[in-house]
Amino acid sequence: MLFAYQYVNHNMEKMHEFVDYIFWEVWCKAPASSCYSLDLYNNNLELKEVITAFHYSSTKGGDFFNAKIEEIYAIFKTLTSDEISQLKVWYHSNNNIECLCKNDPALTPSTYSEISQLNATLGAELKSFFVKLYSQDILSLKALSDKIGFIDDHYKEFVKINSKGKCPFCGLYDIDSEYDHTREAYDHYLPKSKYPFSSINFKNLAPICNKCNSGNKGSKDPLHDINGNRSKTFYPYNSIPHIIEVDLEINSMDIDSLTPQDITINFGPASLEEELKTWNYLFNIEKRYKNKCCSADAKYWITQIFEESDNKSPCEFLSTRLETASKYPYTDNNFLRKPFLEACEALGIFAREEV
């Protein structure tokens, strides 16, 4: 990804804290002889208030939430200590998003398939619960939203701090600002349909443009490469900044009729080779960047050099334009415009009198 987001704390995180309590203090401590009751939440009174409100109200989301917790509790009662220990390891691993993205050998991500091998019924019930946990049927219920707030509020706070205004996964499209009446969807970076336990972990949730989300990533797995092998991937909230190098070469003099086949793109630096390959696979970056270079926008990038050079030569104005692009890489697709114009310069395009 072109740049990482800054993580923003918000009351919405409390939902994941509630899930932590349910997993560690309710499910994992379920003795075979005990019965499920609201007393299990005595050590987390805020969650107990939510569970109690759901119990005495009649809402689709609340009924689902409480029923699933109790059904999964009943399954945990039948598990051996070794099976519970394994689930604890998987829960810890799947919520350590940063280390999983770095392919830390100490952590192994688990899938619903692996849980189903341990206990088929548990795998199905956990998937039903965690996939729906993020839905508005649950998050918008007043008893819960009074505790955690609303995701729209989180988004407004998020984009105030992450104010570049561009999707960091591609850089090609805008991200809705705090002033828009709409907001971008949050991508489950580790797909909630494959990985249990992290569907409401905000370190696994990141605003993303629709083209990246629905049009390209979909349910692709960032923890594995195109061949299914474990791989490093960019962590959306990495605290160490990086700069992606885009090296572009045009293999045709017919600029007006460029096709993607006429363009070669390489990404750097070499120290991020593994992450870059995963990024390219997840979001079809190379293909999309080539398409952009064949678009009307790219033709305008060239025309602009000639039409706005005024008393300068096109080559002199190009130098100024490239310097500006370096300063503001995420404005007007400058991160891609710059290598594209440099490739055109290498062809001698700006030494001509006209395009």
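Residues numbered from 1 in each chain as written. Predicted model: local features only at pLDDT ≥ 70, side-chain atom pairs only at ≥ 80, totals over all residues. Heavy atoms only, no water.

## Let's talk about the pairing of strand β3 (residues 245-250)
Rules: We call a residue buried when its accessible area falls under 20% of the maximum for its residue type, exposed when it is over 50%, and partly exposed in between, using a 1.4 Å probe and counting protein chains only. Only DSSP runs of H or I reaching four residues or more are called helices, and only runs of E reaching two or more are called strands; each is numbered from the N terminus. At least two DSSP bridges between two strands are needed for those strands to be called paired.
Where burial is concerned, the two faces of β3 differ: the one with Val246, Leu248 and Ile250 is buried and the one with Glu245, Asp247 and Glu249 is not. Bridge analysis of β3 against strand β4 (residues 263-268) gives six bridges, and the strand direction is antiparallel. Bridge pairing in β4 places Ile250 opposite Ile263.

## Some words on the nonpolar core
Heads up, the condition is: Here, the term nonpolar core denotes a set of buried Ala, Val, Leu, Ile, Met, Phe, Trp, Tyr and Cys residues that are joined through side-chain atoms within 4.5 Å. The criterion used for residue contact is that any of the two residues' heavy atoms lie within 4.5 Å.
Counting 109 residues, the largest nonpolar core has Met15, Trp27, Phe65, Phe76, Phe169, Trp279 and Phe340 as its most contacted members. Here this core takes eight residues from helix α1 (residues 13-27), the largest share from any one element. Excluding its chain neighbours within four sequence positions, the residues that come into contact with Trp27 are Ile22, Ile69, Ile72, Tyr73, Phe76, Leu126, Phe129 and Phe130.

## Thoughts on the side chain of Ser252
Spelled out, the test is: N or O atoms within 3.5 Å of each other form a polar contact, as long as, within protein, one can give a hydrogen and the other can take it, and as long as residues adjacent in sequence are counted only when both atoms are side-chain atoms.
Structurally, Ser252 is set in the loop between β3 and β4. A polar contact is formed between the side chain of Ser252 and the backbone nitrogen of Asp254, at a distance of 3.1 Å. Apart from the residues lying within four places of it in its own chain, the contact partners of Ser252 are Leu258, Asp262 and Leu347.

## Quick look at the pattern of salt bridges
Counted only if it meets this: Definition used for salt bridges: Asp or Glu carboxyl oxygen within 4 Å of a side-chain nitrogen of Lys or Arg.
The final tally for this structure, using the stated rule, is 19 salt bridges. With a shortest N-O distance of 3.3 Å, Lys14 and Glu46 are connected by a salt bridge. With Lys14 in helix α1 and Glu46 in helix α2 (residues 45-56), the pair connects residues that are 32 residues apart, well separated along the chain. Taking the relative accessible area as the measure of exposure, Lys14 reaches 17% and is therefore buried.

## With respect to the packing of aromatic side chains
To keep things clear, this is the line we draw: Stacked, edge-to-face and tilted are the three classes for Phe, Tyr and Trp ring pairs, Trp counted by its six-membered ring, which pair at centre distances within 6.5 Å; planes under 30 degrees apart are stacked, over 60 edge-to-face, the rest tilted.
For the coordinates displayed, the defined rule picks out 34 aromatic pairs. Note on Phe3 and Tyr330: the rings are 4.7 Å apart at their centroids and 55° apart in plane angle, and the pair reads as tilted. In this pair, Phe3 is assigned in the segment before α1 and Tyr330 in the loop between α15 (314-327) and α16 (334-346), connecting sequence segments 327 residues apart. By relative accessible area, which is 8% here, Phe3 ends up buried. Centroid distance Trp27 to Phe130: 6.5 Å. Interplanar angle 80°. Geometry classified as edge-to-face. Taken as a pair, Trp27 in helix α1 and Phe130 in helix α7 (residues 120-132) lie far apart in primary sequence, 103 residues in all.

## Notes on the packing of α2 against helix α3 (residues 60-76)
Basically, it comes down to this: Every axis in this analysis is a line fitted to C-alpha atoms, fitted for helices over the stretch in contact. Angles between the N-to-C directions lie between 0 and 180 degrees. In these notes the angle categories are as follows: under 35 degrees is roughly parallel, over 145 is roughly antiparallel, 65 to 115 is roughly perpendicular, and the rest is oblique. For any pair of crossing helices, the crossing counts as left-handed if the nearer helix is rotated counterclockwise from the farther one by less than a right angle, and right-handed if it is rotated clockwise. Under the convention adopted here, Pro, Cys and the residues Ala, Val, Leu, Ile, Met, Phe, Trp and Tyr are nonpolar, Asp, Glu, Lys and Arg are charged, and Gly plus all remaining residues are polar.
Where α2 contacts α3, the two axes come as close as 8 Å, and the packing angle between them is 115°. By the angle between their directions, the pair α2 and α3 is classed as roughly perpendicular. Read as a crossing pair, α2 and α3 show a hand that is left-handed. Counted together, Ile51, Phe54 and His55 of α2 and Gly62, Asp63, Phe65, Asn66 and Ile69 of α3 form the full contact between these two elements. Here the contact of α2 with α3 is composed, by residue class, of four nonpolar, three polar and one charged.

Keep in mind these numbers describe shape, not what the thing actually does.
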